[in-house]
Amino acid sequence: MKTKANPNLFAALRAAFPADLDGVAVETDNGLFYSWRDLDRASAMIANLLDALGLEEGARIAVQVEKSVEAMMLYLATLRAGYVFLPLNTAYQSAEIEYFIGNAEPAVVVCTSRNASWVGPIANAAGTRHVFTLDDDRTGTLLEVAAQCRDRHAVAHKNADDLAAILYTSGTTGRSKGAMLTHGNLLSNAEVLKDYWGWTKGDVLIHALPIFHVHGLFVALHGALLNGSKMIWLSKFDPKRVVEKLPEATVFMGVPTLYVRLLAEPGLTGEAVRNMRLFVAGSAPLLIETFDEWRERTGHTILERYGMSETVMLASNPYTPAQGERRGGTVGFALPGVQLRVRDDSGRDCTTDEIGNIEVSGPNVFVGYWRMPEKTKEEFTADGFFKTGDVGKIDGRGYITIVGRSKDLIISGGYNVYPAEIEGYINELPGVAESAVVGVPHPDFGEVGVAIVIAKTGGALDAEAIVADLKSKLANFKIPKRCFVVNELPRNTMGKVQKALLREQHKGLFA
Ligand code: MLC
Ligand code: AMP
């Protein structure tokens, strides 16, 4: 009798490993080679370590470590043992980490040995019982303990609607929200993409993205693993290194900044990309100039797709010409199984090419925000569609174009920055009456934050000191690239700050 498949995402990824477990699964930029057997054994050992801790069902494993193959193994082990992975951007500083750990109450925290002196006390204060270290040179207490564990592990049985990961996304108001994603969300999306993007035997992926967000952790990693494909693993994006490795690869994924930086490399030529099959871009708008220049230089048409932490991938330009052409400036069609619609503020469906709010439903859509039932409810329509906060339109052929956002959000180099959070920090500084943070175009990061600050009556402020203070408290990518102290902010008749006007005033700053 055929046994029913285990809906645990790891079970599907493991089942896709090639029959020859001794083949190369990952090649790193410091010359290490990991076989499929290594991935299997190490994930089993770490899964056994987690099991031995006697954690409760649904326990969160919070991880803030540098990118390494071992960090990826920890992710796989967490899935394998059936716990919930909570990745944290390495740029987050203590106040940010304190919030995430306090909110998620993880049973296990894994951090770098460099940060252990401050992450440890934060975890202890939040009631976390187990703190391990993991460094990017294959050292740390996690691996020391795991080394003593068995290298075989029966994959935990999970249901499709059991949680696999929590990804924190900042909010336009209030604190960050943890988007809860299930095994079913992640696996269904990975399976759709495997098919839609034509993953094929012999594919080799250059993995150059961080592994604490959707793009690097899910889209790129699941894509390669579910296809049993080798990864060329770069611990950090380095355009020269990518160009060097292109001839050995077939697939590359990046945020637009990566494409902009690659185009600055003289080595990026048609010859360098001769074996490439697919270039995927997403997480932020890809400028049409970049799309065109890429095609001219390499002969390849970038495939732009659209996703979110709450939904994984939603829409994609077509892969095969039979499905249609890849259109720059659009994010293509809703993926198979995803219902995507555009509605106006009253809830009426927009007509072809009419601009409105993008709403989605499908097996990829998350199950809610961690311990925020009210917030979750607000973000869904009565008929169960998730309100993305993106504004767009759909043309007669079904191509979706994102034209803006209803959420006050800056996307800088593929990272989200919420002006409300930065303004909150600035407004707390002595002598500050109020502030506004807006996004302006930037040639490298696409968009960056600029702060406009008003001093309290009779006071004086130093813009540089404001930036220096923010740097001591916030992740580096959130720091406004410029700060201006001015006498007043433009307001409309209702007294609301006119951010559009500020954006217009400062749009040429980095031209
Ligand atoms: C670094 N800096 C940034 C920044 N990254 N500033 C704004 N935005 C960013 N994204 C800061 C640094 O702190 C430094 O400041 C200065 O800019 C120059 O740094 P750098 O050395 O040039 O940066 P680098 O380390 O090379 O990083 C750039 C990058 C990185 C583009 C490689 O930001 C990156 O990996 N981005 C990818 C993000 C990502 O994976 N997003 C996917 C989200 S998932 P100073 O002052 O210290 O000099 C998602 C869903 C979906 O959105 O659809 O995929
Ligand atoms: P995150 O919260 O980090 O998952 O970011 C998700 C947001 O990134 C989406 O809501 C969009 O605003 C934006 N985004 C992702 N892909 C694209 C794209 N191809 N074009 C424009 N915006 C995008």
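This is a predicted model, so every value here is computed, not measured.

Observations regarding a negative patch on the surface
On the surface, Glu289, Asp292, Glu293 and Glu296 cluster together into a patch of negative charge. With respect to the secondary-structure elements, Glu293 resides in helix 11 (residues 288-298).

Details of the pattern of salt bridges
All chains considered together, the criterion is met by 33 salt bridges. In this structure, Asp390 and Lys407 form a salt bridge, with 3.7 Å as the shortest nitrogen-oxygen distance. Of this pair, Asp390 sits in strand 19 (residues 386-394) while Lys407 sits in the loop between strand 20 (400-405) and strand 21 (410-412), and the two are 17 residues apart along the sequence. Salt bridges sharing partners connect three or more residues here, namely Glu27, Lys230, Lys245 and Glu248.

So, the packing of helix 10 (residues 256-263) against helix 11
Contact geometry of helix 10 with helix 11 gives a least axis separation of 10 Å together with a crossing angle of 45 degrees. By the criterion of interaxial angle, the relationship of helix 10 to helix 11 is oblique. Regarding helix 10 and helix 11, the two cross each other, and that crossing is left-handed. Every residue of helix 11 that contacts helix 10 at Tyr259, Val260, Leu262 and Leu263 is listed here: Thr290, Glu293, Trp294 and Arg297. Split into classes, the residues belonging to the contact of helix 10 with helix 11 amount to five nonpolar, one polar and two charged.

As for the domain arrangement of the protein chain
Taken domain by domain, the protein chain comprises domain 1 (332-406) and domain 2 (409-506). Placing a centre on the C-alpha atoms of domain 1 and another on those of domain 2 gives a separation of 29 Å.

Side note on the site of ligand 1
Ligand 1 sits among 24 residues. The nearest are Arg261, Ser283, Arg305, Ser412 and Lys481. In this structure, Ser412 approaches ligand 1 through a main-chain N or O atom, which is 2.8 Å from a nitrogen atom. Here ligand 1 loses 74% of its free accessible area of 1,000 Å² to cover by the protein chains. Of all the secondary structure elements, the ones that give two or more residues to the shell around ligand 1 are helix 8 (214-226), helix 10 and strand 13 (303-308). Looking at the shell around ligand 1 residue by residue, the classes come out as ten nonpolar, nine polar and five charged.

As for the packing of helix 4 (residues 94-104) against helix 5 (residues 116-125)
Interhelical geometry of helix 4 versus helix 5 gives an angle of 30 degrees and a closest axis separation of 9 Å. Taken as axis vectors, helix 4 and helix 5 run roughly parallel relative to one another. As helix 4 runs across helix 5, the sense of the crossing is right-handed. On the side of helix 4, the interface is formed by Ser94, Ile97, Glu98 and Ile101, while helix 5 contributes Trp118, Val119, Ile122 and Ala123. A class-by-class count of the residues in the contact of helix 4 with helix 5 yields six nonpolar, one polar and one charged.

Points about unusual backbone geometry
Positive phi, normally seen in glycine, also occurs at Ser283, with a value near 90 degrees. Looking at where Ser283 falls in the secondary structure, it is placed in the loop between strand 12 (278-281) and helix 11. Its identity is not glycine, yet Arg371 carries a phi of approximately 50 degrees, on the positive side. With respect to the helices and strands, Arg371 occurs in the loop between strand 18 (368-369) and helix 12 (373-378).

Quick look at the sheet that holds strand 19
Either a parallel or an antiparallel arrangement is found when strands of a sheet pair, and the pairing is made through backbone hydrogen bonds. Here we have four strands laid out as an open sheet, ordered 16-17-19-20, and antiparallel in their pairing. A single partner strand is all that each edge strand has here, and the edge strands are strand 16 (339-343) and strand 20. When the angles between neighbouring strand axes are averaged without regard to direction, this sheet yields 45 degrees. In this sheet, strand 19 lies alongside strand 17 (residues 356-361) in antiparallel orientation, the contact comprising four bridges. Across the sheet, Val360 pairs through a bridge with Phe386, a residue of strand 19.

Overview of the site of ligand 2
Around ligand 2 there are 16 residues in total, and Arg305, Ser309, Asp390, Lys407 and Asn416 lie nearest to it. Measuring from a nitrogen atom of ligand 2, one finds a backbone N or O atom of Ser283 at 3.1 Å. Residue Glu304 places a side-chain N or O atom 2.9 Å away from a nitrogen atom belonging to ligand 2. Protein burial of ligand 2: of its 490 Å² of free accessible surface, 92% is covered by the chains. Secondary structure elements with two or more residues in the shell around ligand 2: strand 13 and strand 20. Ranked by residue count, the leading element in the shell around ligand 2 is strand 13, at five residues. Residues of the shell around ligand 2, tallied by class, amount to seven nonpolar, four polar and five charged.

Conventions adopted
- Within each chain, residues carry numbers counting from 1 in the order of the written sequence.
- Chain A is the first chain written and ligand 1 is the first ligand written, with later ones labelled in order.
- Per-residue local features of the predicted model are confined to residues with pLDDT of at least 70, and side-chain atom pairs are confined, for both listing and counting, to 80 or more; whole-chain, interface and lining totals are unaffected and use all residues.
- Values shown for side chains rest on all heavy atoms present in the structure; no hydrogens or waters enter the calculation.
- The residues that make up patches have over 30% relative accessible area and no salt bridge, and they are joined within 9 Å when like-charged or within 5 Å when they are Val, Leu, Ile, Met, Phe, Trp or Tyr.
- Computed by Shrake-Rupley with a 1.4 Å probe, the accessible areas treat only the displayed protein chains as cover when residues are assessed.
- Salt bridges, as used here, are contacts in which a Lys or Arg side-chain nitrogen is within 4 Å of a carboxyl oxygen on Asp or Glu.
- None of His or the chain ends enter the tally, which takes Lys and Arg as positive and Asp and Glu as negative.
- A charge is said to be at NZ when it belongs to Lys, at CZ for Arg, at CG for Asp and at CD for Glu.
- Helix numbers and strand numbers start at the N terminus; a helix is a DSSP run of H or I with at least 4 residues, a strand a run of E with at least 2.
- Axis lines are fitted to C-alpha atoms, over the contacting stretch for helices. Their N-to-C directions set the angle, which ranges from 0 to 180 degrees.
- Put simply, angles under 35 degrees are roughly parallel, angles over 145 are roughly antiparallel, angles from 65 to 115 are roughly perpendicular, and the rest are oblique.
- Two helices that cross are described as forming a left-handed crossing if the nearer one is turned anticlockwise from the farther one by less than a right angle, and a right-handed crossing if clockwise.
- Every residue pair with non-hydrogen atoms within 4.5 Å of one another is taken to be in contact.
- When residues are grouped by polarity, Ala, Val, Leu, Ile, Met, Phe, Trp, Tyr, Cys and Pro land in nonpolar, Asp, Glu, Lys and Arg in charged, and all others, Gly among them, in polar.
- The start and end points of each domain follow an automatic or database-based domain assignment.
- One heavy atom within 4 Å of a molecule or strand makes the whole residue count as near it.
- In protein, a polar contact requires one atom able to donate a hydrogen and another able to accept it; more generally it is a pair of N or O atoms within 3.5 Å, and residues adjacent in sequence count only if both atoms are side-chain atoms.
- At least two DSSP bridges between two strands are needed for those strands to be called paired.

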